[in-house]
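Per-entry structural report
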Amino acid sequence: MNNVVGMVVSNKMQKSVVVAVDRLFHHKLYNRYVKRTSKFMAHDEHDHCNIGDRVRLEPSRPLSKRKHWIVAEILTKARIYQPPSPSASAAAPLHSNS
């Protein structure tokens, strides 16, 4: 097996993540490229992965019934929205009434 690159879709488990891996293949009858998605369970030893992270997986020995991959590295971290703090919005009013 080779290394695969995918997107983390779930990290609700301890030390485990679900990674969606997309692949394209050519459909001979329709003469189009078709996208298929496979979901793999992977071991994340230090719980660093968040939803939306792009990760590289390496194959390993079976770690559980469905877990045969290890997160080798996080390629890009997901951008997580953080709302502005209330104190910053109170200090700088948006509109002036003059």
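Residues numbered from 1 in each chain as written. Predicted model: local features only at pLDDT ≥ 70, side-chain atom pairs only at ≥ 80, totals over all residues. Heavy atoms only, no water.

**Structural notes on the overall build of the protein chain**
Counted only if it meets this: Each helix is a run of H or I in the DSSP string that is no shorter than four residues. Each strand is a run of E no shorter than two, and both are numbered from the N terminus. A 1.4 Å probe rolled over the protein chains alone gives each residue an accessible area, and that area as a share of the maximum for its type sets the label: buried under 20%, exposed over 50%, partly exposed in between. Two residues form a contact once any of their heavy atoms are found within 4.5 Å. In short, Shrake-Rupley with a 1.4 Å probe defines the accessible areas, and a residue's cover is counted only from the protein chains shown.
Check the secondary structure of the protein chain and you find one helix and five strands. Mapped from its N terminus to its C terminus, the protein chain presents α and β elements in the order β-β-β-β-β-α. Across the 98 residues that make up the protein chain, the buried fraction comes to 22%. For the protein chain, restricting intrachain contacts to residue pairs at least 6 apart in sequence, the fraction spanning at least 24 positions comes to 48%. For the protein chain, the accessible area works out to roughly 7900 Å², and carbon and sulfur atoms hold 53% of it.

**Observations concerning the sheet that holds strand β5 (residues 67-76)**
As a reminder of what qualifies: Two strands are said to pair when DSSP picks up at least two bridges between them. Comment: axis = line fitted to C-alpha atoms, over the contacting stretch for helices; angle = value between 0 and 180 degrees taken between N-to-C directions.
Read around the closed barrel, five strands run β1-β2-β3-β5-β4, paired in mixed fashion. Along the sheet, successive strands turn relative to each other by an average axial angle of 50°, direction set aside.

**Regarding the pairing of strand β2 (residues 16-27)**
Direction of pairing for strand β1 (residues 4-13) relative to β2: antiparallel, over a ladder of four bridges. The residue of β2 that forms the bridge with S10 is V18. As paired elements, β2 and strand β3 (residues 32-43) share twelve bridges and run antiparallel to each other. When the sheet's bridge partners are listed, L24 is paired in β3 with K35. Here β2 folds back onto β3 in antiparallel fashion, the turn holding four residues, of which N31 has a positive phi close to 55°.

**Thoughts on the packing of aromatic side chains**
As a reminder of what qualifies: Ring geometry is summarised as follows: Phe, Tyr and Trp rings, the Trp one being its six-membered ring, pair when their centres sit within 6.5 Å, and such pairs are stacked at plane angles under 30 degrees, edge-to-face over 60 and tilted between the two.
Per the counting criterion, the structure on display carries one aromatic pair. Measuring from centroid to centroid gives 5.1 Å for F40 and W69, while their planes differ by 45°, and the two rings are tilted. Remark: W69 occurs in strand β5 and F40 occurs in strand β3; sequence separation between them is 29 residues. Its relative accessible area of 25% is what places F40 among the partly exposed residues. Judged by relative accessible area, W69 falls into the buried class, the value being 7%.

**Focus on the pattern of salt bridges**
Put simply, the test is: By definition here, a salt bridge exists when the distance from a side-chain nitrogen of Lys or Arg to a carboxyl oxygen of Asp or Glu is within 4 Å.
For the structure shown, the criterion picks out four salt bridges. When the shortest N-O distance is used, the salt bridge between R56 and E58 registers 3.4 Å. Close ionic contact of R56 with E73 constitutes a salt bridge, the shortest N to O distance being 3.0 Å. In this pair, R56 sits in strand β4 (residues 54-59) while E73 sits in strand β5, placing the two residues 17 residues apart along the sequence. The exposure class assigned to E73 is partly exposed, which follows from its relative accessible area of 36%. Connected through shared salt-bridge partners, R56, E58 and E73 make up one network.

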